There are 2 protein chains.
Amino acid sequence: MKFVIIGGDAAGMSAASRVKRTMPEMDVIVLEKTDDVSYSACGMPYNIADANRDMNDLVVRTADVFRKKQGIDLLTGYHVKSIDTKNRIVSGTVRHNRERFRFFYDRLLIATGGRPTIPAGSGFDLPGVVALKNLKDGRIIKAHIREHTVKKAVIVGMGYIGMEMAEALRERNIDVEMVKPGPDLLPWMARELARVVNQELEANRVKLHLGCEIKGIDKTADCLHIVCNDRTLTAEMVLVAIGIEPNSELAAEAGLETGVGNAIAVNHQMQTSDERIYAAGDCADAYHVVTGQKTWIPLALRANRAGWAAADNVCGKETRLEGVAGTAVFKVFNLEVARTGLSLEESHRFGFEPVEVTIKSRSRAHAHPGAETIWVNLIGDKKSGQLLGAQMVGCEGVAHRINAAAVALHNRMSVAAFSQTDLAYAPPFGPVWDPLLTAANQLLKKLS
Amino acid sequence: MKFVIIGGDAAGMSAASRVKRTMPEMDVIVLEKTDDVSYSACGMPYNIADANRDMNDLVVRTADVFRKKQGIDLLTGYHVKSIDTKNRIVSGTVRHNRERFRFFYDRLLIATGGRPTIPAGSGFDLPGVVALKNLKDGRIIKAHIREHTVKKAVIVGMGYIGMEMAEALRERNIDVEMVKPGPDLLPWMARELARVVNQELEANRVKLHLGCEIKGIDKTADCLHIVCNDRTLTAEMVLVAIGIEPNSELAAEAGLETGVGNAIAVNHQMQTSDERIYAAGDCADAYHVVTGQKTWIPLALRANRAGWAAADNVCGKETRLEGVAGTAVFKVFNLEVARTGLSLEESHRFGFEPVEVTIKSRSRAHAHPGAETIWVNLIGDKKSGQLLGAQMVGCEGVAHRINAAAVALHNRMSVAAFSQTDLAYAPPFGPVWDPLLTAANQLLKKLS
């Protein structure tokens, strides 16, 4: 049997490796457009923060290991241009020599990932205007900082990657300004928590320009000018980080169904609307465990897991993924910021009757030195009592604490049941009542 | 209605405060044997570690606040000696003036806590032989260290408190040796994880004497000699920390049922075998969420929660506690040590067919600087596939991670379902596959 995989990053290579472990006899061909496979994309901001580190440090496994040790037919520089679902053929061109290629498949996995969204307006293709999605982008950014001795950068967008890059660039002693058209920092977040993030950015001398419509970018000598409706920002580098979108065009053109956020629609088995074709990773959608409905939350763990699930199903070991809770965490300077489940706006949108509570607690016990404030926002459904989502911000004890709420969401726990969970306590690690439990206790009062 | 509470620590004062908030008109009388109420008992080792800190820093709320602001009739130095369940009267003596007292109750809460177990053998009552259960003990220890310029201490027992105290005494630059009769350090723990704890203790120059039967303690001048079967240890202070036992004699003498570990037996509503009498805190038992059977795991969160539940039931707001997962964490030098659910031995004892896995993972992502090793032991039931327990050890990212497994146990999740949970990922906080997920994936292979 011939298993062809389009895309050699998290989902694609996870699937390839897994199939080869389960059924070493299967023909596994991976067609990767770029030259890089299997690297830690999320680690790029931290690598960029350190001028002395090589971008290749992020490579988890080299193409050679996949080829020689795992027996995967890994072809880099192979750009798939079309899928013929009737005859089960993928075709495209080889970058190096422009030759055309065609591969027959019995099973196909589309793992084409996502790409940074580029805003409308002129000048986003100028040199020095960069985005960060793959290793090549990372190398371009590091080279640009070095060669142009960048002293100031503007980041367009204020999401996870924008914030991680703000920290990375400040580490390099580069002045950073961030700009976005929307009026709110982290609009999915409870306002009180978003204010804490805002303060942390400002405390680290990152200047925020909210509510600025960006008209375009101009260039003069070594300077880029980001022209907004009411101001013009000047920098030697512009990072575009307003979000990503799924690389689903190939699938759509082949007639496969797409859905939420234009991602490729897959069932619980990772199958697309063509049962011989699977999709996994940032290009594919997922079920949300709270709503039971489709969502598109492109994150690394899901990509790896979906790659495995597709592989298992291809190998005949039927595997079903229940879905995602939308759990995410990021670090911005000294703050840990985490979320799982639905935001207030999403809760409304999906027909719940959400009630929220925001509390302040401490990261260590009463009288234990070094405690930091932890903010918790918890959302429950007035109708059913179900826990819908949690958000946390704080300087310590946030990143892993969110997981307790994530597991609760997978089990569709009520706020009442969650408030009764036996969470760990010792003075160096938190108060007797974990901040999540204090929030649950407060929320219960509002729900009853 | 008259609500009498015996014991003014975590469970007792939680209950008293809660009742007064819900029904301010209720007569609430708290009878506390000592002079201290509402302090952070778990914080004592960290206070002892610092010669300059006052033990009173650990007091969360003073008796005066309870009396004047909350209207609780809090009587300290009141030692209850008997309960007449037929006439609903508690009686005893006042320490200060030796007068007898009697109080009628409509509802009674027994929150008498626990006490350190003192081993058989002579000399455990000598000056300089100390235990750590209440603030008075803490004050005695600090005074003894100061007045006798203690240079070396022996800790009898190697449980949570023994280890926390080993760290506290090393902080004070006191040499520490630990001794116990059993052959294993932390016998409930997977051997590979216990070895890590052992190494951490030794790296901090704590000498362990395992398998040493202790015959008794002798005293010469300013020195105490701990006489074992095959060696004699000498120190200026001996801390006895072999465990605690419930203060349940008062209840037993009144004819109330006791059970596991001699703790007072309570139902899901915290009622004893006499429905007008509740018990909560370290003196009472609980249901275990994994086995569904009775257990006795005296921990602070349960004490607070049980106090609240008793209070709510007394106020007519019916409240049911499902039980405990046995989640616990402690810090020993640079290590975080955590557990939840059943150990391997307990799993066997309760009729499961346990399969375990121990893995090593990292506290940060591939290529992220500063990563530490995290060891995870996970236990599942071969028959049902159910997750039974988790243990973790590591220098960072352990304390709060365990909570995800705890919530899974509350939901009686299968290892398969747990392995699919959407846990948070960012490079500074862990690998893409959280250590718990890696362990679950490995365990799944052994279960299938």
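Residues numbered from 1 in each chain as written. Chains lettered and ligands numbered in written order. Predicted model: local features only at pLDDT ≥ 70, side-chain atom pairs only at ≥ 80, totals over all residues. Heavy atoms only, no water.

### Re a positive patch on the surface
And step 1. The grouping of A:R21, A:R61, A:K317 and B:K445 at the surface amounts to a positive patch.
And step 2. Within the fold, A:R61 resides in the loop between helix 2 (44-48) and helix 3 (63-69).
And step 3. On the basis of relative accessibility, which here comes to 33%, the residue A:R61 falls in the partly exposed class. (Patch = residues over 30% accessible without salt bridge, like charges linked within 9 Å, V, L, I, M, F, W, Y side chains within 5 Å. Areas by Shrake-Rupley, 256 points an atom, 1.4 Å probe, with all protein chains shown as cover. Salt bridge = Lys/Arg side-chain N within 4 Å of Asp/Glu carboxyl O. Lys, Arg positive; Asp, Glu negative; His and termini not counted. Charge placed at Lys NZ, Arg CZ, Asp CG, Glu CD. Helix = DSSP H or I, 4+ residues; strand = E, 2+ residues; numbered from the N terminus. Buried < 20%, exposed > 50% of the residue type's maximum accessible area, 1.4 Å probe, protein only.)

### Re the nonpolar core
And step 1. Core analysis: the biggest nonpolar cluster contains 86 residues, and A:L378, A:F418, A:L436, B:L378, B:F418 and B:L436 have the highest contact counts within it.
And step 2. The residues touching A:L378, leaving out its near neighbours within four places in the chain, are A:V355, A:E356, A:V357, A:L387, A:G389, A:A390, A:L436, A:A439, A:A440 and A:L443.
And step 3. The next biggest cluster of nonpolar side chains, apart from the first, holds 45 residues, and it includes B:L58, B:V176, B:M178 and B:F330. (Core = buried A, V, L, I, M, F, W, Y, C linked by side-chain atoms within 4.5 Å. Contact = heavy atoms within 4.5 Å.)

### Regarding the state of the cysteines
A disulfide bridge is the covalent bond that connects two cysteines by way of their sulfur atoms.
And step 1. Inspection of the entire model under this criterion finds 0 disulfides over all chains.
And step 2. Free cysteine: B:C212, not disulfide-bonded; nearest cysteine sulfur from B:C228 at 4.9 Å. (Disulfide = S-S within 2.5 Å.)

### Description of unusual backbone geometry
Residue and element names in this part refer to chain A.
And step 1. Unusually for a residue other than glycine, S38 sits at a positive phi of about 50°.
And step 2. Checked against the element boundaries, S38 lands in the loop between strand 2 (27-32) and helix 2.
And step 3. On the basis of relative accessibility, which here comes to 13%, the residue S38 falls in the buried class.
And step 4. For A367, which is not glycine, the phi torsion reads 70° and is therefore positive.
And step 5. The topology assignment puts A367 in the loop between strand 23 (354-362) and strand 24 (373-381).
And step 6. Judged by relative accessible area, which is 28%, A367 ranks as partly exposed.

### What to know about the packing of helix 1 (residues 10-22) of chain B against helix 8 (residues 300-314) of chain B
All names here are of chain B.
And step 1. Contact geometry for helix 1 and helix 8: axes closest at 7 Å, N-to-C directions at 35°. The handedness of the crossing between helix 1 and helix 8 is right-handed. Here A10, A11, S14, A15, R18, V19 and R21 of helix 1 come into contact with helix 8, specifically with A303, N304, G307, W308, A311 and D312.
And step 2. Within the contact of helix 1 with helix 8, the residues separate by chemical class into 7 nonpolar, 3 polar and 3 charged. (Axes fitted to C-alpha atoms, helices over the stretch in contact; angles between N-to-C directions. Left-handed = near helix turned anticlockwise from the far one by under 90°. Nonpolar A, V, L, I, M, F, W, Y, C, P; charged D, E, K, R; others polar.)

### Describing the packing of helix 10 (residues 402-410) of chain A against helix 10 (residues 402-410) of chain B
And step 1. With their axes 7 Å apart at the nearest point, helix 10 of chain A and helix 10 of chain B run at an angle of 25° to one another. Classified by the interaxial angle, the pair formed by helix 10 of chain A and helix 10 of chain B is roughly parallel. Once helix 10 of chain A is placed against helix 10 of chain B, the crossing between them reads as right-handed. Packed against helix 10 of chain A, whose contacting residues are A:N403, A:A404, A:V407 and A:A408, the element helix 10 of chain B presents B:N403, B:A404, B:V407 and B:A408 at the interface. (Parallel < 35°, antiparallel > 145°, perpendicular 65-115°, else oblique.)

### Some remarks on the sheet that holds strand 15 (residues 232-235) of chain A
Residues and elements named next belong to chain A.
And step 1. Across the sheet, 3 strands lie side by side as 13-14-15; this open sheet has antiparallel pairing. Looking at which strands have only one partner, the edges of the open sheet turn out to be strand 13 (214-220) and strand 15. Taking the axes of each pair of neighbouring strands and ignoring which way they run, one obtains an average angle of 20° across the sheet.
And step 2. Here 6 bridges tie strand 13 to strand 14 (residues 223-228), and the two strands are oriented antiparallel to one another. Pairing of D218 across the sheet is with H225, part of strand 14. (Pairing = 2+ DSSP bridges.)

### Examining the packing of aromatic side chains
And step 1. One pass over the structure, following the stated rule, counts 10 aromatic pairs over all chains.
And step 2. With a centroid separation of 6.4 Å and an interplanar angle of 45°, the aromatic rings of A:Y78 and A:F103 are classed as tilted. On the criterion of sequence distance, the pair formed by A:Y78 in strand 4 (residues 78-84) and A:F103 in strand 6 (residues 100-104) is long-range, its members being 25 residues apart. Per residue, the accessibility class of A:Y78 equals that of A:F103, and both read buried.
And step 3. Through a chain of ring-to-ring contacts, the aromatic side chains of A:Y78, A:F101 and A:F103 assemble into a single cluster.
And step 4. The ring centre of A:W308 lies 4.2 Å from the NZ or CZ of A:R18, which sits over that ring.
And step 5. In this structure, B:K294 packs its charged tip against the face of B:Y287, placed 5.0 Å from the ring centre. (Phe/Tyr/Trp six-rings, centres within 6.5 Å; stacked < 30°, edge-to-face > 60°. Lys NZ or Arg CZ within 6 Å of the ring centre and 35° of its normal.)

### Considerations on the relation of the copies chain A and chain B
And step 1. Structural alignment of chain A on chain B gives an RMSD of 0.0 Å, achieved by rotating through 180° and translating 0.0 Å along the axis. The symmetry that links the two subunits is that of a two-fold axis. Considering only C-alpha atoms, the part of chain A nearest the rotation axis is A:A404, at 2.1 Å.
And step 2. When the interface residues of chain A are mapped onto chain B, 100% of them again lie at the interface, so the same face is used by both copies. (Least-squares fit on C-alpha atoms with pLDDT ≥ 70 in both.)

### A word on helix 4 (residues 135-147) of chain B
All names here are of chain B.
And step 1. Counted at 1.5 Å a residue, the expected span for helix 4 with its 13 residues is 18 Å, and the 18 Å between its end C-alpha atoms agrees.
And step 2. Every buried residue belonging to helix 4 is among L135, D137, G138, I141, K142, A143, H144 and I145, and all of these are buried.
And step 3. Looking at the buried residues of helix 4, the elements they touch are helix 2 (44-48), strand 9 (129-131), helix 5 (160-171) and strand 16 (237-240).
And step 4. Immediately beyond the C-terminal end of helix 4, within one or two residues, lies T149, with a positive phi of roughly 35°. (Expected span 1.5 Å × (residues − 1).)

### Some details on the domain arrangement of chain A
Residue and element names in this part refer to chain A.
And step 1. For chain A, the domain assignment lists domain 1 (2-38 + 60-115 + 245-314), domain 2 (118-240) and domain 3 (328-447).
And step 2. Between the C-alpha centres of domain 2 and domain 3 the distance comes to 31 Å.
And step 3. Taken together, the 18 residues of domain 2 in the interface contact 18 residues of domain 3.
And step 4. In terms of surface lost to domain 3, no three residues of domain 2 exceed E167, W188 and L193, which account for 35% of the buried area on that side.
And step 5. Linking domain 2 to domain 3 there are 1 salt bridge.
And step 6. In this structure, the salt-bridge partner of K331 is E167, at a minimum N-O distance of 2.6 Å.
And step 7. The interface formed by domain 2 and domain 3 holds 5 residue pairs in polar contact (both at pLDDT 80 or more) in total.
And step 8. Sorting the residues of the side of domain 2 that touches domain 3 by element identifies helix 5 (160-171) and helix 6 (191-203) as the ones contributing at least two each.
And step 9. In the side of domain 2 that touches domain 3, the residues fall into 12 nonpolar, 1 polar and 5 charged. (Domains from an automatic or database assignment. Buried area = accessible area lost by both parts, 1.4 Å probe. Polar contact = N/O pair within 3.5 Å; in protein donor to acceptor, adjacent residues only side chain to side chain.)

### A closer look at the pattern of salt bridges
And step 1. Here the structure, examined in full by the defined rule, presents 51 salt bridges over all chains.
And step 2. Ionic pairing is found between A:R53 and A:D57, a salt bridge with its closest N-O pair at 3.6 Å.
And step 3. On the basis of relative accessible area, A:D57 is assigned to the partly exposed category, the value being 36%.
And step 4. Its salt-bridge partner being B:K133, residue B:D282 comes within 3.4 Å of it at the nearest N-O pair. Pair noted here: B:D282 is in the loop between strand 18 (277-279) and strand 19 (286-287) and B:K133 is in the loop between strand 9 and helix 4, with a separation of 149 residues, a long-range link. Accessibility classification places B:D282 together with B:K133 in one group, the buried group.

### Re the environment of A:A399
And step 1. Tracing the backbone shows A:A399 in the loop between strand 25 (387-394) and helix 10.
And step 2. Among the residues examined, A:A399 registers a relative accessible area of 2% and is labelled buried.
And step 3. Between the C-alpha atom of A:A399 and that of A:V337, which follows or precedes it by 62 residues, the distance is 7.0 Å.
And step 4. The residues contacting A:A399, other than those within four sequence positions of it, are A:V329, A:E336, B:A424 and B:F429.

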